[in-house]
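Coordinates in review
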Amino acid sequence: LLDNYHLLIASLDESETLLLEDNLNELKRTIRPGAKRLNWTSLGIQDYLNKSKANISKLESMVNQIKKNSKDIQVFLNDIETMNLYQTPANNADDSLLQCKEYFETVEQKRRADLIELNKKYKLIGPLITKVEGLVCGTNTSKSTKMQTYYVYWEKKIYDTILKVKITFTLFFV
């Protein structure tokens, strides 16, 4: 029981620990009687074990779903960060160079298509965070005060990703 509890706690990062603070406190309240009141001859030991294991399983399931959503968000952020917005278009079919106007139109058209794709990926992040809110808070308003640190965590990661894209853009044209 305690091994499962400690593995669960160790798997959480800081943002998840803050997000699940109430759930973790509830789990601690469930486990606490085993350290104080109950002993091996207590009549309610099996009920205690069943309830504790059920609560750990429930929290484990929630953590797994949160981690899956976090992983999905991180995949989108990696896609955004690694998108090459500065690809050189291929030469003509006869291997001759493109005319200047045609070259820049092709580059701009490809960049617009890439930016539309990046925007789609960015817009998929919000619903994943709202899904986490539904798991933890039972709401889907995207305004839960309980989720504030989690929102800040992801906003910072998104900002850092966009900043890296901007730096790449700046370095490309310098």
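No experiment lies behind these values; they were computed from the predicted model shown. (Residues numbered from 1 in each chain as written. Predicted model: local features only at pLDDT ≥ 70, side-chain atom pairs only at ≥ 80, totals over all residues. Heavy atoms only, no water.)

This next bit is on the nonpolar core. In this structure, Leu20, Leu59, Ile66, Ile129 and Tyr150 are the most contacted members of the largest nonpolar core, which totals 32 residues. The set of elements that each furnish at least two residues to this core consists of helix 1 (2-10), helix 3 (21-31), helix 5 (45-82), helix 6 (100-137) and helix 7 (148-173). With 10 residues, the top contributor of residues to this core is helix 5. Residue contacts for Ile129: discarding those within four places in its chain leaves Ile73, Met147, Tyr150, Tyr151 and Trp154. (Core = buried A, V, L, I, M, F, W, Y, C linked by side-chain atoms within 4.5 Å. Buried < 20%, exposed > 50% of the residue type's maximum accessible area, 1.4 Å probe, protein only. Helix = DSSP H or I, 4+ residues; strand = E, 2+ residues; numbered from the N terminus. Contact = heavy atoms within 4.5 Å.)

This paragraph deals with the environment of Lys121. Within the secondary structure layout, Lys121 lies in helix 6. Looking at Lys121, the relative accessible area reads 17%, which means it is buried. With 104 residues separating them in the primary sequence, Lys121 and Thr17 have C-alpha atoms 27 Å apart. Residues contacting Lys121, with those up to four places away along its chain left out, are Phe76 and Asp79.

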